[in-house]
Amino acid sequence: MVATLATPVSEKQPGKERPGKKRQDAPTVRAFRATPFTYGTLLIVAAILTTPLVFVGSIALSSDATVNNGAFTVIPREFHWDNFSRVFGTELPVGTFLLNSVLISLFSVAGQVLSSGLVGYAFARLRAPGKNTMFLIVIATMMIPTQITMIPQFILFRDLGWVNTFLPLIVPNFFSNAFNVFLVRQFVSRLPSQLDEAAMMDGLGFFGIYRRIMFPMLRPVLIAIGIFTLTHTWGDFMGPLIYLNDESKMPLALGVQYITATSQAGQAPPWNMVMVGSILLALPMIIVYYIGQKYLYEMDISGGSAGVK
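Below you will find a few notes about this structure. All values reported here derive from a predicted model rather than from experimental measurement. For every chain, the first residue of its written sequence is number 1, and the numbers climb from 1 along that sequence. Residues qualify for local features only when their pLDDT is at least 70, as the model is predicted, and side-chain atom pairs are given and counted only at 80 or more; totals for whole chains, interfaces and linings, by contrast, use all residues. Processing note: side-chain calculations cover all non-hydrogen atoms of the structure and skip hydrogens and water entirely.

### As for the environment of Arg211
A run of H or I in DSSP becomes a helix once it reaches four residues, and a run of E becomes a strand once it reaches two; helices and strands are each numbered from the N terminus. Tracing the backbone shows Arg211 in helix α10 (residues 206-217). C-alpha separation for the pair Arg211 and Leu118, spaced 93 residues apart in sequence, amounts to 9.7 Å.

Given below as structure tokens:
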């Protein structure tokens, strides 16, 4: 007589499943594979988005006769590269416009990076009564439209004697803004607090911790803030229009508008010079973004320390 061993029902043997139940496999992530249709769609979208830039370059390289006749084409047929040097010889000080934009933008970036880092670090690490309430008030200022504070700010700067100077365009950046403070605060709050505790045991204060530990780790966020500030300040038109009166103090964003207003009545504006000024206005931002795009991708406010590469 041969003895047989019955397998318990509770045990699972490989390759066998209970009747009436379907095997549930772990979900798999399928890699995206581009097809010719994908590349064709991307080429069409890229062509649509690039056409205005090509048209700007075509007008910038056009001759004065083409401008007077209005015979512009999307694809450049003329290549008058001397227009990029002629724009600095017009009756308007385009070189001064460009220098003013550089000065205003660099000081604004320095102010935003310095103040945003310190204020965001303070909200994330320092303990004070009412800190969370104050942070909510700071965030709530993001919902106030700029048009509401425009007149009170002008009255304030007028009483201070700052009208027709660079100060109204630069000084407010040394007090940060709610969005940049939020970015830094979220980033610092995700960093391990043991870093601060270890530094305090070594005798560092809050400023020492920020300068030696936090500031290097905040590099992606601070560079991103600098890029955002530079982009806004370099192309700002409304601020200089309100506070600046002399042509010698105007930035390039406002000076390009003045180029269109220098023609005589009934005469077409020098669109080739205007487009050269527009290229000078847009090209630095393209270069800055190309150089700093990796820091924008490294900035991960949801991952905290995971955003530090």
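Let us keep going from here.
### Focus on helix α1 (residues 36-60)
Since the α-helix turns once every 3.6 residues, residues separated by three or four places project in the same direction. With 25 residues, α1 ought to run about 36 Å at 1.5 Å a step, and its terminal C-alpha atoms sit 35 Å apart, in line with that. Largest kink in α1: about 35°, centred on Thr50, with the proline Pro52 one to four residues after it. The complete set of buried residues in α1 reads Thr38, Gly57, Ser58, Ile59 and Ala60. Its buried side turned inward, α1 meets α3 (83-86) and α14 (271-298). In a helix, the anticipated span is given by 1.5 Å times the number of residues less one. Throughout, the bend at a residue refers to the angle made by two axes, fitted to the seven residues ending there and to the seven starting there. Only protein chains enter the calculation, and the probe is 1.4 Å; a residue is then buried if its accessible area is under 20% of its type maximum, exposed if over 50%, and partly exposed in between. Only heavy atoms matter for contacts: two residues are in contact if any of them lie within 4.5 Å across the pair.

### So, the nonpolar core
Note on terminology: a nonpolar core comprises buried Ala, Val, Leu, Ile, Met, Phe, Trp, Tyr and Cys residues joined through side-chain atoms within 4.5 Å. One finds Val184, Val188, Met214, Leu218 and Leu222 to be the most contacted residues of the largest nonpolar core, which totals 20 residues. For this core, the secondary structure elements donating two or more residues are α4 (94-125), α8 (178-189), α10 and α11 (219-234). Sort the elements by how many residues they give to this core and α11 lands first, with 5 residues. Contacts of Leu222, omitting those with residues within four sequence positions, involve Val113, Gly117, Val184, Tyr210 and Phe215. In terms of nonpolar packing, the next biggest core, distinct from the first, is built from 16 residues, Ala60, Leu92, Met250 and Met273 among them.

Limitation: the analysis is restricted to geometry and does not speak to function.
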